[in-house]
Amino acid sequence: MTTRTPLLHILTDPLLRQNPVTLQILGICSALAVTTSLATAITMCVSLTVVVTLAAGIISTIRRHIPDSIRLIVQIVIIASLVIVIDQVLQAWFAEISRTLSIFVALITTNCLVLGRTESFARHNAPLPAMTDAFGNGLGYSLILVVIGGLRELFGQGQLLGRQVLPLAETGGWFTPLSLMLLAPSAFFLLGGLVWAIRSIRPEQAEVPEHMPPKAEPAE
Amino acid sequence: MAGLDPLNPWRRLLALPNESRAKTLFIAFAVSAICALLVSGATVLLRPIQTANRAAEAQARIESLVRGIPGMAPILEQSGGTLSTVVIDLEDGSAAEEVTPATLDEALSEPSNWTALDRGEDLAGLGRRPDYAQIYLLREGEDISLVLLPISGAGYNGRIDAVLALRGDMNTIAGMAVTRHSETPGLGARIEEPAWLDNFPGTETRGPDGNLRFSVARGEASSVYEVDGITGATRTSNAITQMIRFWLGPEGYGPLMAAIRREEF
């Protein structure tokens, strides 16, 4: 906080090293729910990134005037209002996608990622670094969603962004879609695999085990 | 000098310690006021576009309903693929003179254009019924070959909106499309699945004596007046029965259907 971290560093840090989804396991509810296709995942990412960046900017601008006693509610009101505005915009101009996202846009309000960033970073920093940090976190979240969404759409339907990439067995190709990929559990598997992959490349991200498995001890 | 500065009270307020009661109240109020403005502004500004979207979606569903009815595609192509839209007066079943499709919404925002329903009449659980409705007609030469009637009723979890397509004899159902509902996913929500809606074409609504006999069966349909029920969704199935009976009855499109049978349309 006191040392001046370069903006670039603030921006790129949450992409992999401090990724909010894979390291902090934040915001995975929506990450699992909206990733059945790449298009919905991208819309969700853009919405979340816009909300988190604007919320960080606003909250950081008025950070010296937010009384501590009501700071959470003030932040949530600001976030919720931004979410409603985004939701209305989506309903107006992206009606089709907004129907598939249904409740999950509204649930950005309760996405721990957003409140987490405003509460831990935006509240203590000037608007520019705060917005950079929020934007970086939005990008980090987007990265994971796009990867999972892309994999699920590719292996679930053989498509990417609605365009047929793998020729389906039904129509004379060789690819048989994995229906599991379209169901919620596959998102857990993919996310789990991703977390494991990132943590094996960067072992410093692995957590110290909180509990050791109980050893078989004779009862006292 | 400071006393004359118009910004002074503002500055003094901002300079208050954050934890003081006045400042806490002020911040809470200011934040809510600004957010309220933002939200209502967005809603009001974007509503026309959203309404247009919803109307386009309803139109698309009606078109897919017509296209899905066997034998309708050639007729549609013959008549240029368009349906004529008519606003009718439900009271006497004639075309409404003052109300057009463009002014229908406006007319329906007036409480005087609604009729309250008695408990006995109100099969669909609506409470009140609009006096005007927008219907779609498809003609083959002079004769009406198909009418699309928007219907609605109270479902298990909320209102169900649907469009019922009747053949020119005003008795045989040509198809049905559910345009809006909030039934239980996996149970009542199956009313919008094509697999269930495919039951409707060919079903007859009235017996030879002219009485309404349509119903959603419990289990499998056993007569020409029934469609298969949905297991586990008795309330939703009943709601559909009641809704169709109401709208085909005297308080619904009964007068209109009589007028079409008399070839007054």
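Residues numbered from 1 in each chain as written. Chains lettered and ligands numbered in written order. Predicted model: local features only at pLDDT ≥ 70, side-chain atom pairs only at ≥ 80, totals over all residues.

The name given to chain B in an unreviewed UniProt entry is Na(+)-translocating NADH-quinone reductase subunit C, and the organism recorded there is Roseivivax sediminis. Regarding chain B, the UniProt comment filed under Cofactor (unreviewed entry) reads as follows: "FMN". If you open the UniProt record of chain B and go to Catalytic activity (unreviewed entry), you find "a ubiquinone + n Na(+)(in) + NADH + H(+) = a ubiquinol + n Na(+)(out) + NAD(+)". (UniProt positions renumbered as here; feature names shortened; annotations may be inferred.)

An unreviewed UniProt entry lists chain A under the name Na+-transporting NADH:ubiquinone oxidoreductase subunit D, with Roseivivax sediminis given as the organism. For the record of chain A, the UniProt heading Subcellular location (unreviewed entry) holds the text "Endomembrane system".

**As for the overall build of chain A**
For chain A, the count of helices and strands is nine helices and two strands. Seen in sequence order, chain A has helices and strands lined up from the N terminus as α-α-α-α-α-α-α-α-β-β-α. Looking at chain A as a whole, 38% of its 220 residues are labelled buried. For chain A, the share of sequence-separated contacts (at least 6 apart) that also reach a separation of at least 24 residues comes to 73%. (Helix = DSSP H or I, 4+ residues; strand = E, 2+ residues; numbered from the N terminus. Buried ≥ 20, exposed ≤ 12 C-beta atoms within 10 Å, placed from the backbone. Contact = placed C-beta atoms within 7 Å.)

**Details of the UniProt feature "transmembrane region" (unreviewed entry) in chain A**
All names here are of chain A. When the UniProt feature table is mapped onto this chain numbering, "transmembrane region" (unreviewed entry) sits at residues 25-58, 70-94, 100-117, 138-155 and 175-198. In residues 70-94, helix accounts for 92% and strand for 0%; the two terminal C-alpha atoms are 35 Å from one another. Helix makes up 100% of residues 138-155 and strand 0%, and the two end C-alpha atoms of the span are 26 Å apart.

**Brief notes about the environment of A:A134**
Residue and element names in this part refer to chain A. Within the element layout of this structure, A134 appears in helix α8 (residues 127-157). Counting along the chain gives 21 residues from A134 to L113, while the straight-line C-alpha distance between them is 9.4 Å. Every residue in contact with A134, bar those within four places of it in the chain, is listed here: V52, T53, A56, R117 and A122.

**With respect to the interface of chain B and chain A**
A common way to report how large an interface is uses the accessible area buried once the components associate. Counting from both sides, the interface comprises 18 residues of chain B and, opposite them, 17 residues of chain A. With 15 residues, the single largest contributor to the side of chain B that touches chain A is helix α2 (residues 21-68) of chain B. Looking at the side of chain B that touches chain A, its residues break down into 10 nonpolar, six polar and two charged. (Nonpolar A, V, L, I, M, F, W, Y, C, P; charged D, E, K, R; others polar.)

**Considerations on the confidence of the model for chain B**
Per-residue confidence for chain B gives a mean pLDDT of 83; residues scoring 70 or more make up 91%. Model confidence for chain B, summarised as mean pLDDT per element, is weakest for helix α3 (residues 72-78) of chain B at 60 and strongest for helix α6 (residues 234-248) of chain B at 91. (pLDDT = per-residue confidence, 0-100.)

**Details of the UniProt feature "modified residue: FMN phosphoryl threonine" (unreviewed entry) in chain B**
Residues and elements named next belong to chain B. UniProt annotation of "modified residue: FMN phosphoryl threonine" (unreviewed entry) refers to T234 when read in the numbering used here. Mapped onto the elements, T234 comes out in helix α6. Assessed through the 15 C-beta atoms surrounding it within 10 Å, T234 is described here as partly exposed.

**Brief notes about unusual backbone geometry**
Residues and elements named next belong to chain B. Positioned with a positive phi, M170 is a non-glycine residue whose angle comes to about 60 degrees. Inspection of the secondary structure assignment puts M170 in the loop between β7 (159-167) and β8 (173-180). The exposure class of M170 is partly exposed, given the 19 C-beta atoms found within 10 Å.

**Digging into the nonpolar core**
Counting residues in hydrophobic clusters, the biggest one holds 47 residues, and the most contacted among them are A:V51, A:A55 and A:I78. If you list the elements that add at least two residues to this core, you get α2 (28-33), α3 (38-61), α4 (71-93), α6 (103-106), α7 (112-120), α8 and α9 (184-201) of chain A together with α2 of chain B. No other element matches the 11 residues that α3(A) contributes to this core. With near-sequence residues (within four places) excluded, A:V51 lies in contact with A:I79, A:L82, A:V83, A:I86, A:I108 and A:V114. Counting residues in hydrophobic clusters, the runner-up holds 46 residues, among them B:I230, B:A239, B:M243 and B:I260. (Core = buried A, V, L, I, M, F, W, Y, C linked by C-beta atoms within 7 Å.)

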